[in-house]
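Report on the structure
Each chain is listed here by its residues.
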Amino acid sequence: MLPENWKNYLTGFTDFDALAETEKKVAARREAGKVFPPAKATYAALELTAPDKVRVVILGQDPYHDDGQAYGLAFDVPEGMKEPPSLRNIKKEFRNDLKREPGTLRSWAEHGVLLLNAVLTVDAHTPGSHAKLGWELFTDSVIRAVSGRNEGAVFILWGAYAMKKAALVDGSKHCIITSVHPSPLSASRGFFGSAPFSRTEKFFNGSWLWP
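Nothing here was measured: the structure is a model prediction, and the numbers come from that model. (Residues numbered from 1 in each chain as written. Predicted model: local features only at pLDDT ≥ 70, side-chain atom pairs only at ≥ 80, totals over all residues. Heavy atoms only, no water.)

**A word on the sheet that holds strand S6 (residues 175–179)**
Within the open sheet, the four strands sit side by side as S3-S2-S5-S6. Their pairing is parallel. The open sheet has two free edges, formed respectively by strand S3 (113–117) and S6, since each of these has just one partner strand. Strand-to-strand twist of the sheet, defined as the mean angle between neighbouring strand axes without regard to direction, takes the value 20 degrees. Taken together, the five bridges between strand S2 (residues 56–60) and S3 define a ladder with parallel strand orientation. Among the inter-strand pairings, Gly60 is bridged to a residue of S3, identified as Asn117. Lying over the sheet, helix H6 (residues 135–149) contacts S2, S3 and strand S5 (154–158), oriented at roughly 155 degrees with respect to S3. (Pairing = 2+ DSSP bridges. Helix = DSSP H or I, 4+ residues; strand = E, 2+ residues; numbered from the N terminus. Axes fitted to C-alpha atoms, helices over the stretch in contact; angles between N-to-C directions. Contact = heavy atoms within 4.5 Å.)

**Focus on the side chain of Thr22**
Within the secondary structure, Thr22 is located in helix H2 (residues 16–32). On the basis of relative accessible area, Thr22 is assigned to the buried category, the value being 3%. (Buried < 20%, exposed > 50% of the residue type's maximum accessible area, 1.4 Å probe, protein only.)

**A look at the environment of Val122**
Its place among the elements puts Val122 in strand S4 (residues 122–123). Val122 gets classed as buried once you look at its relative accessible area, which sits at 0%. Taking the C-alpha atoms as reference, Val122 lies 5.6 Å from Val35; in sequence the two are 87 residues apart. In this structure Val122 touches Lys34, Val35, Phe36, Asp62, Pro63, Tyr64, His65, Pro127, Gly128, Ser129 and His130, once residues within four positions along its chain are discounted.

This is the structure we're talking about:
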C-alpha cells in the first residue's frame, strides 16, 4: 500500500484512480504466477525514504526478476545475496570516486536517497513484463512531485532509459547527473570515472554526505 505521507505529498501530481487500476492488474498477475518483489515490498523505496527527506533520486528501470533478488529498492538486493554486476560496479565507482567504502543501499535510502524503479513490479524471470501496466504514470508523477515540491535535489540518471526522465525535472533548481548505465555492457564506456557521488556532495557543499 502506498505510504500515507507519500499519498498526501503526491496529491495534485498523481492520478490515484489510475494507480488503483495498476495495482489491480498487478494483483491479477500475482494470482496467475510469481511476481517480484513480494507484494508487501512494492512501495519499499517510498516507505524507507520520506518525501520531505529526499535529497537524491536514483532511477532504475524495473526490479530484478530472479528469485529472492528484488525487495523494492532499485539496484539493491537483500543482505547476504550475491550482488548483481550493476550493483558491484556502482560500489566500485563509489570507492574510486570518494576513496571510502559505501554504506548499504538500504542505508542510502534511510539517509534520503530515493532508489526508485520506474516500473515497480515484474513477472518472475521476465524482464520488462510489467512495463505496460501503468507504473510509469505513477513513478513519473513521483519525479515531478520531487522536482516541484523539494528544493535542491540531485537526480542521478544512468543509461538512455533513465536519461529520458530528465525532461520531468526542473534543472534550474536541481542537479541532474547523467552517464551510461553501470551494467557490464556499458560501465567501461563512461560510467566509471563519471564521479556521480563526489559531484552530488559538491552540489550540497558539504551539507549532505553519502553514508
